[in-house]
Structures are given as C-alpha cells and as structure tokens.
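One letter stands for each residue in the lines below.
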Amino acid sequence: QGKYDQAHEILSSFSMDGTVDDLRRLAYASSLSGLRRNTEAAEIFAEMELQYGPLRDPNALEHFARALYRGGDSLEAEQTYARLAQLIAGHPDEGLAYFAQVQAALQRDDIEGARRLLDRILVAFPESRGGQRAALRQIDLAVLDGGEKVLAWAVMDYGHHAENLSERALREEARFKQALA
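In what follows, the accompanying structure is described.

Let us now look at helix α7 (residues 111-124). Taking 1.5 Å of rise per residue, the 14 residues of α7 would be expected to cover 20 Å, and the 20 Å separating its terminal C-alpha atoms lies within 8% of that figure. Within the span of α7, buried status applies to Gly113, Ala114, Leu117, Leu118 and Ile121. Seen from one end, α7 has its buried residues packed into an arc of 135°, which puts them on one side. Turned more than 90 degrees away from the buried face of α7, the exposed residues are Arg116 and Val123. Contacts from the buried residues of α7 go to α6 (94-107) and α8 (129-145).

In structure tokens, the structure reads:
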C-alpha cells in the first residue's frame, strides 16, 4: 500500500483540471482504489468514462472494477471485470479477469452465473492463475451444495491441488480447505 500512499501524495499536489491532467486523474483514481477509497475512485473513473467513453487502459479498468467490487456495486463490478477480460484477450491474465468476474457474481449471490463462468475458465484457461483459482472455487461451491460423498471427493481434490498448484498461497489455501473438509 506504500506505493499508493506515495502516488496519492504526489498526485494530490497537482491540479486535476483540464484535459492535460486527465492522465493524472486516472492515476489519482487508481491510487485511491489502491488506498481502498473505493467510492471516490469509482466516481472519478465513472466521470472519465462519461467524458471519454469506456476506459481502454487495463490497469485503470482493473482499478475501477476493484473499487466497484470493494464498494459493494457487484453487478457493475462484474460487468467491468468482463470488459477487462475482453480488453486483455490473449494476455496470460485473461483468466484471472474472468475469475474476478466470478467473485463479483458470487458477491451478489448469482451462484449459477458464477458456475457457468467457472466452467468456462476451466475449459479456456485451465493452467492460468485464473484457472487455478477457478478450480478451488468450483470445489468450494460443490462442498456448499453436497453431502458426505462430495466431502470425500473434496478432500481428495483439495489434496491434489495442494500438491500441484503453481502459487504457494493457493497450495496453502488448498491444504487448509482439505483439513477443514
């Protein structure tokens, strides 16, 4: 969060009026998002989109979606993450953007929509960072729905992921969930 504090401090010292400063406004809104000042950030991003049309910078769009998500505007966050995924199509983080869309769908209790997106991620991006997260989330949803047979399956599947996921944090999450199941 230190980099957002520094960016915010520097950008706050500039005037934000006029078109020359619009890039600074985007950076300022991103710093606000990084500082979890979500409402302020989302307002600036929304104003920029009203003025210039949809954001085309992936970093700014991700910060906008994150501010919406953290601010509780799940539907708008879900749509913004979908736009981000389309904007970065072909990039290794495309699956991660779709996974963030899943999280927004779950935040608004759209379980079926989230499941459809998870299936899509697992087919299109199975080995990506988003695909690995989707695999764990899919197990989580099955555990919430199922009985003893599902729990036995989940223990084995969490164990498999605890050994094979590429990110340490995800392996630890899988181990923890295996222990809970």
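There's more to say after this.
Next up on the list: the pattern of salt bridges. Overall, the coordinates contain 16 salt bridges when judged by the stated rule. The salt bridge involving Glu47 is made with Arg25; its shortest N-O contact spans 3.0 Å. With Glu47 in helix α3 (residues 38-52) and Arg25 in helix α2 (residues 22-34), this pair connects stretches of sequence that are 22 residues apart. Measuring nitrogen to oxygen at the nearest pair gives 3.0 Å for the salt bridge that ties Arg133 to Glu167. You can see Arg133 sitting in helix α8 and its partner Glu167 sitting in the loop between α9 (148-164) and α10 (168-180), a full 34 residues away along the chain. On the basis of relative accessibility, which here comes to 19%, the residue Arg133 falls in the buried class. Residues participating in the shared-partner salt-bridge network are Asp93, Arg129, Arg133 and Glu167.

What follows concerns the layout of surface pockets. Remark: the empty space left among the atoms is shown by a probe the size of a water molecule rolled over them. If you add up the space inside the largest pocket, you get close to 340 Å³. Along the walls of the largest pocket sit 16 residues, with Glu62, Tyr81, Leu84, Leu96 and Ala97 positioned nearest its centre. Those elements that provide at least two residues to the lining of the largest pocket are α4 (58-70), α5 (74-87) and α6. The space that makes up the second largest pocket amounts to roughly 150 Å³. Along its surface, the second largest pocket is lined by Leu23, Leu26, Met48, Tyr52, Gly53, Pro54, Leu55, Arg56 and Asp57. Grouping the constituent residues of the lining of the second largest pocket by class yields six nonpolar, one polar and two charged.

Definitions and cut-offs
- Position labels on residues start from 1 in each chain and follow its written sequence.
- Predicted model: local features are reported for residues with pLDDT of at least 70 only, side-chain atom pairs are reported and counted for 80 or more only, and whole-chain, interface and lining totals are derived from all residues.
- As a rule here, side-chain values come from all non-hydrogen atoms in the structure, and water together with hydrogens is ignored.
- We count a stretch as a helix when DSSP gives it H or I for four or more residues in a row; a strand needs E for two or more, and each element gets its number in order from the N terminus.
- By definition here, a helix of n residues has an expected span of 1.5 Å times n minus one.
- The buried label goes to any residue with under 20% of its type's maximum accessible area, the exposed label to any with over 50%, and the partly exposed label to all in between, with areas taken from a 1.4 Å probe on protein chains only.
- Think of it as the arc spanned by the lines of direction from the helix axis to the C-beta atoms.
- By definition in these notes, contact holds between two residues if any of their heavy atoms fall within 4.5 Å.
- A pair is scored as a salt bridge if a Lys or Arg side-chain nitrogen falls within 4 Å of a carboxyl oxygen belonging to Asp or Glu.
- Buried and open spaces are told apart on a 1 Å grid over the protein atoms alone, a cavity being a set of points where a 1.4 Å probe fits but cannot get out and a pocket being an open set with protein on both sides within 12 Å along at least five of seven lines. Residues with an atom within 4 Å of a point are the lining residues.
- Grid points are joined across faces, edges and corners, and a volume is the space filled by probe spheres set on the points.
- Residues are sorted three ways: Asp, Glu, Lys and Arg are charged, Ala, Val, Leu, Ile, Met, Phe, Trp, Tyr, Cys and Pro are nonpolar, and all the rest, Gly among them, are polar.

By themselves, these are just geometric observations and shouldn't be taken as functional.
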